[in-house]
Amino acid sequence: TEKIDGTNAQLLISEDGSITVGSRTRWITPQDDNYGFAKWVEENKSTLIKLGTGRHFGEWWGSGIQRGYGLQKGEKRFSLFNVGRWALHGTEPKRILTADPRVEKYQDVLPEGVGLVPELYRGKFDTAIIDDVLRQLELRGSVASPGFMKPEGIVVFHIAGNVGFKKTIDKDELPKSLSK
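Each value, and the rule that gives it
Residues numbered from 1 in each chain as written. Predicted model: local features only at pLDDT ≥ 70, side-chain atom pairs only at ≥ 80, totals over all residues. Heavy atoms only, no water. Helix = DSSP H or I, 4+ residues; strand = E, 2+ residues; numbered from the N terminus. Expected span 1.5 Å × (residues − 1). Buried < 20%, exposed > 50% of the residue type's maximum accessible area, 1.4 Å probe, protein only. Arc of directions from axis to C-beta. Contact = heavy atoms within 4.5 Å. Polar contact = N/O pair within 3.5 Å; in protein donor to acceptor, adjacent residues only side chain to side chain. Salt bridge = Lys/Arg side-chain N within 4 Å of Asp/Glu carboxyl O. Pairing = 2+ DSSP bridges. Axes fitted to C-alpha atoms, helices over the stretch in contact; angles between N-to-C directions. Phe/Tyr/Trp six-rings, centres within 6.5 Å; stacked < 30°, edge-to-face > 60°.

Another aspect to go through is helix α3 (residues 127-140). Counted at 1.5 Å a residue, the expected span for α3 with its 14 residues is 20 Å, and the 20 Å between its end C-alpha atoms agrees. Residues Ile130, Val133, Leu134 and Leu137 constitute the buried set of α3. End-on, the buried residues of α3 take up no more than an arc of 95°, which puts them together on one face. Across α3 from its buried face, at more than 90 degrees, point the exposed residues Leu139 and Arg140. Of the surrounding elements, those touching the buried residues of α3 are β1 (2-3), β12 (153-158) and β13 (163-168). Sitting at the head of α3, Asp126 places a side-chain oxygen 2.8 Å from the backbone nitrogen of Ala128. Once α3 finishes, Gly141 follows within two positions and takes phi at roughly 90°, a positive value.

What follows deals with the pattern of salt bridges. Across all of its chains, the model carries 10 salt bridges by this definition. Put simply, Glu43 and Lys39 hold a salt bridge, and the shortest N to O gap is 3.2 Å. Of the two residues, Glu43 and Lys39 both sit in helix α1 (residues 37-43), four residues apart, roughly one turn of that helix. Relative accessible area serves as the criterion here: at 47%, Lys39 is assigned to the partly exposed category.

The next thing to look at is the sheet that holds β13. Ordered by their spatial adjacency, three strands build an open sheet running β1-β12-β13, and the pairing between neighbours is antiparallel. The sheet is open, and its two edges are formed by β1 and β13, each paired on a single side. Pairing of β1 with β12 involves two bridges; the strand directions are antiparallel. Across the sheet, residue Glu2 finds its bridge partner in β12, namely Ile154. Contacting β1, β12 and β13, α3 runs over the sheet at an angle of about 150° to β12.

Another aspect to go through is the sheet that holds strand β4 (residues 27-28). Pairing within the open sheet is mixed, and its six strands lie in the order β4-β3-β2-β5-β6-β11. Looking along the sheet, the strands with just one partner apiece sit at the ends: β4 and β11 (115-116). Where strand β5 (residues 54-62) and strand β6 (residues 76-80) come together, five bridges link them in antiparallel fashion. When the bridges of β6 are listed, Trp60 appears paired with Phe78.

The next thing to look at is the side chain of Lys3. Tracing the backbone shows Lys3 in strand β1. Overall, the relative accessible area of 12% leaves Lys3 in the buried class. There is a polar contact of 3.0 Å between the side chain of Lys3 and the side chain of Glu152.

Let us look at the packing of aromatic side chains. If you walk through the whole model with that rule in mind, you get seven aromatic pairs. On the numbers, 4.7 Å between centres and 40° between planes, the contact of Tyr69 with Phe148 is tilted. With Tyr69 in the loop between β5 and β6 and Phe148 in the loop between α3 and β12, this pair connects stretches of sequence that are 79 residues apart. A single burial state applies to Tyr69 and to Phe148, both of which are buried. Taken together, the aromatic side chains of Phe37, Trp40, Trp60 and Phe78 make up a single cluster linked through ring pairs.

So, in structure tokens, the structure goes:
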């Protein structure tokens with residue numbers, strides 16, 4: 001998937017319909033916010049509750065956050081990470097592979113206004129393909145924000161290992177805290 005340079009965000013939706021809002025490291029509120037994410041959640045609660053019970057992790061990105069991605073002043077987006085579970089609003093859900101081919105399971109459809117990080121490749125784990133996907137992103141620009149020519153990089157999710165690896169276009173060898 002495309003690694004979007006914003007700020008990590010999460011929602012915890014309880015069975016009673018309450019929503020707790022968080023960044024990567026702390027719970028936030030509209031009074032103690034992280035780039036306006038908690039305020040946005042409060043304003044869009046009736047839509048976001050449709051995500052259902054559980055924790056939903058994503059990236060809050062756009063104007064005024066990290067790279068900004070060329071979005072208009074004040075424009076921000078929330079893109080979930082779990083591309084296997086979700087289909088974008090207005091698209092046809094895909095079948096999810098299960099251990100038992102007789103079991104038919106399909107993606108859930110996201111509510112309007114909630115996005116997904118763009119899936120750039122799905123298939124065999126191959127470092128040559130990973131390098132090519134990263135090179136194409138560098139040459140063609142962001143898929144999340146077409147026309148923005150300084151994307152950050154990719155996240156490679158290894159299904160069998162259940163682990164994600166980041167690979168950035170610039171300064172990949174440095175931790176993010178040292179790459180600014």
